[in-house]
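Each chain, letter by letter, is given below.
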Amino acid sequence: MDPLAALAEFEQAALAAIAAATNAPALEQVRIEFLGKKQGRLKDLQSLLGKATPEQRPVLGKRFNDVKEAVTAALEAKLTSVAKPAVAATAIDLTLPGTPIELGRLHPITQTVREFQGIMARFGFEVVDGPELEDEWHNFDGLNIPLEHPARDPLDNFYLAAACTATGEPMLLRSQTSMLLRSQTSNVQIRVMEQRKPAPVRIISVGRVYRPDDIDATHHVMFHQLEGLMIGPDVTMASLKSVLRMFAAAYLGGDSEVRFRPSFFPFTEPSVEVDVRWKDRWLELGGAGMVDPNVLTAVGYDPEQVTGFAFGLGIARFCMLRHGIDDIRLFYQNDVRFLRQF
Ligand code: DAH
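Cut-offs applied
- Residues numbered from 1 in each chain as written.
- Predicted model: local features only at pLDDT ≥ 70, side-chain atom pairs only at ≥ 80, totals over all residues.
- Heavy atoms only, no water.
- Helix = DSSP H or I, 4+ residues; strand = E, 2+ residues; numbered from the N terminus.
- Rg over C-alpha atoms; globule rule 2.2 N^0.38 Å.
- Buried < 20%, exposed > 50% of the residue type's maximum accessible area, 1.4 Å probe, protein only.
- Contact = heavy atoms within 4.5 Å.
- Lys, Arg positive; Asp, Glu negative; His and termini not counted.
- Charge placed at Lys NZ, Arg CZ, Asp CG, Glu CD.
- 1 Å grid on protein atoms, 1.4 Å probe; cavity = no way out; pocket = protein on both sides within 12 Å on 5 of 7 lines; lining within 4 Å.
- Points joined across faces, edges and corners; volume = space filled by probe spheres on them.

Asks: Help me understand the overall build of the chain in this model?
Replies: Tallying secondary structure elements over the chain gives eleven helices and twelve strands in all. Compactness check: the chain gives a C-alpha radius of gyration of 43 Å against a globular reference of 20 Å for 342 residues, more than 25% above the reference. Principal-axis analysis of the C-alpha atoms gives the chain an extent of 130 × 65 × 40 Å. Looking at the chain as a whole, 38% of its 342 residues qualify as buried. For the chain, long-range pairs separated by at least 24 residues make up 62% of all intrachain contacts whose partners lie at least 6 apart in sequence. For the chain, the distance from the average position of its 36 positive side-chain charges to the average position of its 43 negative side-chain charges is 13 Å.

See below:
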C-alpha cells in the first residue's frame, strides 16, 4: 500500500475514533489503538518508513510527523473537554471574593426606646402598647380634659375627617365619637386602667404621638413619648421622684438629680414639670404628678382606696443629649449617612 495513502487513512480513522469517544476511558482505548507504543497502528506505519526510498523519505517523514502531531493534539483536546465535569459551569468558585453582608442597625430612636423599656422593666414596670389612632374618650375625656379645653382644638390635633358611605351617610368610626391621631401617650393610662383592677398597676408605654406643630430643629408633627403609670394603695409623690431619679441615673449615669416645678395638667393633681441635672444644666424632661381623682373615678377606681402617679417624657431629647444631635429633623430624614453612625 502506498505509504502516503496509508498515513491519510490512519489519520482519518484516528480522528473519527477520537470524535466518537465520549469519555476518558474510551479515549484511552483510542490512544492505545492508534498511538500505542507497543502495538499501535502508528507503530506499524513507522515500519513503512524504513522501506521507503531515499527520495521518498524526507516527504514521508514530514508527513508522518504531521499526522502523529495532529492525532495527538486532537486526542489531548478531546481529553480535556471530556475531563471537565458537567457541573463545572455551575459550580461555586471558592476562590472568588464573597459578597459582603450588609448589616442593618436599629434607628437611634428605636435604640433609645428599647433602652428605656429595659430600664423600666428592671424597676418592675410592665411594657404595654396603645393605639396611635384614638377616640376622644381615651385621648381627652377619660383624662379629665373637658370639651372646651384648648388642647382639644381641631387646629392643635389631627382629627380624622368623617368618612361617608356611598349614599352620603356618615360612616361612624368605632366608638361613634370622632377619632384622632393621639396627641399624647396618656391615652394608654385610661386603656390600661379600664381593663385592670388596681391590683397594683405598674406600666410604661412608649410610642408615637402627633401634633400639627411647625417643624423646626426641636419640633416635629410626630414624636415619641414615654408614659409611666403606677397605681396602688400607698403610692406617693416620693415614689414618683424616686422612680424618675433612678430612671435618669440609669440612662444618663451617675447620681442624677431630679427636680420638680409646680405645673398643671388636667389628669394630675398636684402636677409638676420634671427637670434633670445634666452637665451643670437643668433639662426639662416632661410632666408628671399624682393621678387626679376624676381620672381614677372615670376608669372605675375608688380614689379613697388607691392613689397613683403618672409621668410623660419626651424621648428624642434624651437621644439627642446622649449623641450630641442638635436637630430633631435628622431622625426622620432617613439619610443612611446619619443613621449609620449609631
Ligand atoms: N401628656 C402630657 C403631654 O403630652 C405629658 C404628661 C404630663 C403625662 C403629666 C403625664 C403626666 O402622665 O402625669 O404634654
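Moving on from the coordinates now.
Asks: Would you mind showing me how to read the layout of surface pockets here?
Replies: A water-sized probe rolled over the atoms picks out the places where empty space is left. In this structure, the largest pocket occupies an estimated 1300 Å³ of space. Lining the largest pocket are 48 residues; nearest its centre among them are Arg 211, Phe 223, Gln 225, Gly 286 and Gly 314. Those elements that provide at least two residues to the lining of the largest pocket are β8 (222-232), β9 (258-265), β10 (268-278), β11 (281-291), β12 (307-314) and α10 (316-323). Ranked by residue count, the leading element in the lining of the largest pocket is β11, at seven residues.

Asks: I keep staring at the environment of Gly 300 and nothing clicks. Help me out?
Replies: Mapped onto the secondary structure, Gly 300 falls in the loop between α9 (293-298) and β12. For Gly 300, a relative accessible area of 62% translates into the label exposed. For the pair formed by Gly 300 and Met 179, sequence separation is 121 residues and the distance between their alpha carbons is 23 Å.

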